[in-house]
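Each chain is listed here by its residues.
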Amino acid sequence: MRSAILTASAFLLLAARLHAQADPTPQPTPGDRATLPVVTGQLEVTTTPVPEPVEPAAAEITVITADEMAARGVHDVAGALALVGGVAVAPGGEAGPAGFVPELWGLREIDAFLVVVDGVPWGGAFNPAVAALDLVDIERIEVLRGAAPVMFGATAFSGVIHVIHNQAGAGNRQASVWGGKFSSGGASARLPLPQVGDFRQSLSIDGEKDGYADNRAELERGHVLYRASTPGAGGVWRLDADALIQRQKPTSPHARGNAVTILNPRIPLDANHNPTDAKLDEDRFHLVGGYERPVAGGNWSTTVSFTHSKRDNVRGFIRRDDISSDPDVEADGFRQGVNLNDAYFDSHLAWDVSDALKVVVGFDELYGKGKEESDNFEYEVGLDGEGAPNSHSLHIDESTKVEDSRNFMGLYGQAQWQPTERWQVTGGLRLNRTHEKRDAGVTTSEGDREAFGDSKTLTRTSGVVGTSWRAWGSDQDGIWVFGDYRRSFKPAALDFGPEADGSAILDPETSKSAEVGIKGALASAGVRWQLTAFDMRLQNLLVAVTRGGLPAIANGGKQRFKGIELEASWRLFGDLTWYGAASHHDSHFEDFVQIFDDVPTQLRGKKLELAPEDLASSALVWAPAEGFNAHLRVESVSERFLSRRNTVLAPAYTEWDGGIGYRFATWELRLDGDNLSDTRPAVSESELGDAQ
């Protein structure tokens, strides 16, 4: 699956925005508090479930506001996170053109991070539902690097991407239309609906069609989100309803080369080896209810959610070992239906014990049940993608079925103690109990059947301890020094692939990490920065392998991730702001044996594949309230290995994008371009044939 960032040329965006002012007053939330000094004015709710200032938080966390994204012409998560220190986002991946695979702390795995939307894990107890994310009507995105072992427990590992929408009834009325290259276009509307007494509500609707340079690749989607809230019973009730219809025609992985070439030179870059009816279709419905009210000097909050997703997939993967001088190659494919249901419950009390001590105690449960049924087949296709068959014309070699249910429960507590005006100490502990049951079966074309099954129950603790010290500061300026230590674990992910031998439940992944950093802000000069160093050790991390020509996953021994990350912004003058980020990562295996060509190979000391050591990005943004505006961003990525044995080194690359526009009092006209350098590097493991 070639990442969407690898379009053959720049994607041009033309957007006209019409908006009328609505009631901008945000609806108060019971228990909102920010008692510690706030210099930049930014609050975050990811490290704790209540709003807290970003600066004193003992963690590396970044807030990207909707205004900043609009000024930079951002229309997807990859663009939104492009200037976050140490983070690199590859659009596309396993979830298709609508998806993305971020790298946080040097680790790029679809199951290693957590996506949260308005406090609810997005994807439930399974993998993050990245393809279902939508950025219409959002207020901000919060990015936490490293695990969140207390608040989110067994689902957050390498980091958290938290998308937060505007409160019901808040924000401006706005409509957008756009069109671009490859017959792409779309429209969206954000509508704060009329307020009825104290009942507030809003509606956002959007739809788009995206084309790509890759043959037979396309994305169509329609999305609607309704939000409502009203006071009652001494608190505030809220309701969210989110619906998505998405149709994707995916790209296919590109086969690796050999010890000399990066990619196989006999295969065109835009070749699509999928069957002609290939698809990644999804219908998804998400419902959330919540209630919160002041209790005993604190705030009690409860959230309940339910999500149902139905997916229809048709995919194909060529066999790398079968590539020869012949014009055709053998491929393995599958036709699959997947049904996923997940439910989430969280209830917690955030209590101000005293002016110096604040405590959060709570319980949450995350339940997921999934079922996949696949028909697997073989076919021939040209190396250039020509002659691909329709999957319904092929003989079914075997049919597989996997059912999996998982239940993650946690009892957690976290305390924040401020012994003096300058010091803050945070500590938290969580008791996790996870239970998973899996049943699978294979039926061959001859009618032979084989059944598998497994179950696993785990009881583990996870936690965090950290501190921050305001080394210098006033009400407008400050410097904070912080450090923390975290322990976390997560049950092994299930990708609902077509293979039935995945019925065995793998060992849980575990992590231990430490970080130290320094943050600074000069509000009068518009300067903000943070510098962080981290060391994270993982065990049993999932890695992609191939079994019988089809993709599979396995535990990957021990890995270590070290690095240093810097990000900064500076309002140079007036409406001109500079953003910059740089990082150096060292990601390598400490102990992992993998079989290559029937030979067990110890990978100790080898770099993780496709993990660059150095990342850097810089941007200038000119964003006056009215008149001309412009932005320009440059990103550079260093060399990285394409194989676990570190035999092939991909070259460094640079990518840039930019745009111009004119903003009137109530509407705006923009011209934005992504990947204007026409850069097409291999950036995601799932792009390459033997990882799939």
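It should be emphasised that the depicted structure is a prediction, and the values quoted were computed from it without experimental measurement. (Residues numbered from 1 in each chain as written. Predicted model: local features only at pLDDT ≥ 70, side-chain atom pairs only at ≥ 80, totals over all residues. Heavy atoms only, no water.)

A. The overall build of the protein chain, seen in detail. Across its full length, the protein chain carries 2 helices and 37 strands. Burial analysis of the protein chain (692 residues in total) assigns 57% to the buried set. In the protein chain, of all internal contacts separated by at least 6 residues, the share reaching a separation of at least 24 is 67%. When the accessible surface of the protein chain is totalled, it reaches about 26,500 Å², and 58% of it is carbon and sulfur. (Helix = DSSP H or I, 4+ residues; strand = E, 2+ residues; numbered from the N terminus. Buried < 20%, exposed > 50% of the residue type's maximum accessible area, 1.4 Å probe, protein only. Contact = heavy atoms within 4.5 Å. Areas by Shrake-Rupley, 256 points an atom, 1.4 Å probe, with all protein chains shown as cover.)

B. Quick peek at the packing of aromatic side chains. Per the stated rule, a full pass over the model turns up 14 aromatic pairs. Ring centres 6.4 Å apart and planes at 35° place the aromatic pair F100 and F113 in the tilted group. Taken together, the positions of F100 in strand β6 (residues 100–103) and F113 in the loop between β6 and β7 (114–117) put the pair 13 residues apart, joining distant regions of the chain. You can call F100 buried: its relative accessible area is 5%. Ring plane angle 55° and centroid distance 6.5 Å describe the contact between F573 and W622, whose orientation is recorded as tilted. Pair noted here: F573 is in strand β28 (residues 558–573) and W622 is in strand β32 (residues 614–622), with a separation of 49 residues, a long-range link. By relative accessible area, W622 is classed as partly exposed at 33%. Three or more aromatic residues joined by ring pairs form one cluster here, namely F628, Y662, F664 and W667. In this arrangement the basic side chain of R460 is found over the ring face of F489, its NZ or CZ atom lying 5.6 Å from the centre. (Phe/Tyr/Trp six-rings, centres within 6.5 Å; stacked < 30°, edge-to-face > 60°. Lys NZ or Arg CZ within 6 Å of the ring centre and 35° of its normal.)

C. Up close: the environment of A500. Here A500 shows up in the loop between β23 (477–490) and β24 (509–522). For the pair formed by A500 and D439, sequence separation is 61 residues and the distance between their alpha carbons is 9.3 Å. Once residues within four sequence positions are removed from consideration, A500 is found in contact with T400, V402, A440, G441, V442 and F452.

D. Main features of the side chain of D346. Its location among the elements puts D346 in strand β18 (residues 328–352). One buried charged side chain, D346, makes no salt bridge at all; its nearest oppositely charged neighbour is R430, positioned 6.5 Å away. In this structure, D346 is in contact with S301, T302, T303, F363, D364 and Y412, ignoring residues within four places of it in sequence. (Lys, Arg positive; Asp, Glu negative; His and termini not counted. Salt bridge = Lys/Arg side-chain N within 4 Å of Asp/Glu carboxyl O.)

E. Molecular detail of the pairing of strand β21 (residues 423–444). Sheet topology places strand β20 (residues 396–417) next to β21; 20 bridges connect them, and they run antiparallel. When the sheet's bridge partners are listed, T400 is paired in β21 with V442. Hairpin remark: β20 followed by β21, antiparallel, with 5 residues in the connecting loop. Sheet topology note: the β21/strand β22 (residues 449–473) ladder contains 21 bridges and is antiparallel. Of the residues in β22, the one forming a bridge with Q424 is S468. (Pairing = 2+ DSSP bridges.)

F. Summary view of the nonpolar core. One finds L81, F100, L133, I141 and V143 to be the most contacted residues of the largest nonpolar core, which totals 26 residues. Those residues in contact with L81 that sit more than four places away from it in its chain are I64, V87, V89, I141, V143 and I161. Membership of the second largest hydrophobic core comes to 19 residues, among which are V50, A57, V116 and V150. (Core = buried A, V, L, I, M, F, W, Y, C linked by side-chain atoms within 4.5 Å.)

G. Spotlight on a negative patch on the surface. A cluster of acidic residues, D326, D328, E380, D384 and E386, forms a negative patch on the protein surface. Along the chain, E386 falls in the loop between β19 (357–382) and β20. (Patch = residues over 30% accessible without salt bridge, like charges linked within 9 Å, V, L, I, M, F, W, Y side chains within 5 Å. Charge placed at Lys NZ, Arg CZ, Asp CG, Glu CD.)

H. View of the side chain of E565. On the secondary structure map, E565 appears in strand β28. Looking at E565, its side chain comes within polar contact range of the side chain of H585, at 2.7 Å. Discounting chain neighbours no more than four positions away, the residues touching E565 are E60, G85, G86, W105, R145, Q530, L531, T532, F534, A582, S583 and H585. (Polar contact = N/O pair within 3.5 Å; in protein donor to acceptor, adjacent residues only side chain to side chain.)

I. Seen up close, the pattern of salt bridges. For the structure shown, the criterion picks out 45 salt bridges. Across the pair R145 and E60 runs a salt bridge whose closest N-O atoms are separated by 3.2 Å. Of the two residues, R145 is situated in strand β9 (residues 138–145) and E60 in the loop between β3 (52–53) and β4 (61–65); the sequence distance between them amounts to 85 residues. The same class applies to R145 as to E60, namely buried. Where E567 meets R145, a salt bridge forms, and the shortest distance between an N and an O atom there is 3.4 Å. Of this pair, E567 sits in strand β28 while R145 sits in strand β9, and the two are 422 residues apart along the sequence. In this structure R145 comes out as buried when scored by relative accessible area, which is 0%. Via salt bridges that share partners, E60, R145, R528, E565 and E567 belong to a single interconnected network.

J. Up close: the sheet that holds strand β10 (residues 159–165). In space, the 5 strands of this open sheet follow the order β4-β9-β10-β7-β8, with mixed pairing throughout. Each edge of the open sheet is held by one strand with a lone partner, namely β4 and β8 (120–121). Strand direction decides the pairing type here: β9 and β10, joined by 7 bridges, are antiparallel. Along β10, the bridge assignment pairs I141 with V163.

K. Focus on the pairing of β18. As judged from the 21 bridges shared by strand β17 (residues 298–318) and β18, these two strands associate in the antiparallel manner. Looking across to β18, one finds that I318 is bridged to A331. Where β18 lies against β19, 25 bridges are found, and the strand directions are antiparallel. Note on β19: the bridge partner recorded for D332 is E378.

L. How the structure looks around the environment of A241. You can see A241 is positioned in strand β15 (residues 235–249). Using a relative accessible area of 21% as the deciding quantity, one classes A241 as partly exposed. On a C-alpha basis, the gap between A241 and L225 in space is 5.8 Å, while along the polypeptide they are 16 residues apart. Residues within four places of A241 in sequence aside, it is in contact with V224, L225, Y226, H286 and L287.

M. Region of interest: the confidence of the model for the protein chain. Residues at a pLDDT of 70 or more form 89% of the protein chain, whose mean pLDDT is 86. Taken element by element, the predicted model of the protein chain shows its lowest mean pLDDT in strand β1 (residues 11–20) (39) and its highest in β15 (97). Throughout residues 1–36 the model reports pLDDT below 50, and contacts reaching past four residues in sequence, or to other chains, amount to 152 contacts. (pLDDT = per-residue confidence, 0-100.)

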